Amino acid sequence: MDRQRVILYGNSVVLAAIGASLERFPALELVSLAAPLPSATELRLLSPDVIFFDTGSAEANLNTLFALLQDCPDLLVVGANPENAQLHLWSSGRFDAVTSADLLRLIVYGPHV
């Protein structure tokens, strides 16, 4: 099985905690990106499977992330909101992730499992 490339975009404590939690999974390749976010074209070259960002961060560029979703049908974009402990998921495909275990399975194995 190929490793899933997970991009952690930003420098927030929330993203650091998510990254620390995901490090224990050998099926994941974690890539940290600091602001400013590269263009959609540059991000596409990184071949991400999942992009995490902090929705409360002023550096989050949703236009770039959503433009990337149009070109990458299997990409999962996850916005972590530290104020209300919610995760917001965006994808070109449709799937249901209702528990943290479902979300982890989605990140590790992709949306087609």
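Please refer to the structure higher up on the page.
Keep in mind that this is a model prediction, so the values were computed, not measured. Going along each chain's sequence as written, the residues are numbered from 1 onward. Local features in this predicted model are restricted to residues whose pLDDT is 70 or higher, and side-chain atom pairs enter the listing and the counts only when it is 80 or higher, whereas totals over whole chains, interfaces and linings include all residues. Excluded from the side-chain calculations are hydrogens and water; all other atoms, namely the structure's heavy atoms, are used.

S.K.: What is the right way to look at the overall build of the protein in this model?
M.R.: Here a strand is any run of E in DSSP of at least two residues, a helix any run of H or I of at least four, and the numbering for each starts at the N terminus. Secondary structure assignment for the protein yields four helices and five strands. Start at the N end of the protein and walk to the C end: the helices and strands fall as β-α-β-α-β-α-β-β-α. Think of it in three bands: with a 1.4 Å probe and only protein chains considered, a residue is buried below 20% of the maximum accessible area for its type, exposed above 50%, and partly exposed in between. Taking all 113 residues of the protein together, the buried fraction comes to 38%. Whether two residues touch is decided by their heavy atoms; if any such pair falls within 4.5 Å, the residues are in contact. Counting only contacts in the protein whose residues sit at least 6 apart along the sequence, the fraction spanning at least 24 positions is 62%. Per-residue and other accessible areas follow the Shrake-Rupley method at a 1.4 Å probe size, with only the shown protein chains counted as cover for residues. Carbon together with sulfur atoms contributes 52% to the accessible area of the protein, which is approximately 6500 Å² in total.

S.K.: What is the right way to read the pattern of salt bridges from this model?
M.R.: Any two side chains of opposite charge can pair if their charged atoms end up close together. Think of a salt bridge as a Lys or Arg side-chain nitrogen and an Asp or Glu carboxyl oxygen that are within 4 Å of each other. Tallied over the full model, the rule gives one salt bridge. Glutamate 29 is the partner of arginine 5 in a salt bridge, and the nearest nitrogen-oxygen pair spans 3.2 Å. Pair noted here: arginine 5 is in strand S1 (residues 4–9) and glutamate 29 is in strand S2 (residues 28–33), with a separation of 24 residues, a long-range link. The exposure class of arginine 5 is partly exposed, given its relative accessible area of 23%. Judged by relative accessible area, which is 26%, glutamate 29 ranks as partly exposed.

S.K.: Sorry if this is basic, but what is going on with unusual backbone geometry here?
M.R.: The general pattern is negative phi for most residues beyond glycine and trans for most peptide bonds. Despite not being glycine, serine 47 shows a phi value in the positive range, around 50°. Among the secondary structure elements, serine 47 is positioned in the loop between helix H2 (40–45) and strand S3 (50–54).

S.K.: What is the right way to read the nonpolar core from this model?
M.R.: It is characteristic of soluble globular proteins that their nonpolar side chains tend to be buried jointly. Val6, Ile18, Val50, Phe52, Leu76 and Ile107 are the most contacted members of the largest nonpolar core, which totals 16 residues. Secondary-structure elements contributing two or more residues to this core are S1, helix H1 (13–22), S3, strand S4 (76–81) and helix H4 (100–109). With four residues, the top contributor of residues to this core is H4. Those residues in contact with valine 50, other than ones at most four positions away along the chain, are Arg5, Val6, Ile7, Leu75, Leu76, Val78 and Ile107. Of all hydrophobic cores here, the second largest spans 13 residues; its members include Leu37, Leu65, Leu68 and Leu75. To define a nonpolar core, start from buried Ala, Val, Leu, Ile, Met, Phe, Trp, Tyr and Cys residues and group those joined through side-chain atoms within 4.5 Å.

S.K.: How should I be thinking about the pairing of S2 in this particular structure?
M.R.: The side chains of a regular strand alternate between the sheet's two faces. Strand pairing is defined by DSSP finding a minimum of two bridges between the two strands. Across six bridges, the pairing between S1 and S2 is parallel. Each residue of the ladder has a partner; that of glutamine 4, found in S2, is leucine 28.

S.K.: Got a minute to help me understand the side chain of glutamine 4 in this structure?
M.R.: Looking at the element boundaries, glutamine 4 is found in strand S1. On the basis of relative accessibility, which here comes to 13%, the residue glutamine 4 falls in the buried class. Residues contacting glutamine 4, with those up to four places away along its chain left out, are Ala27, Leu28, Glu29, Asp49, Ile107, Val108, Tyr109 and Gly110.

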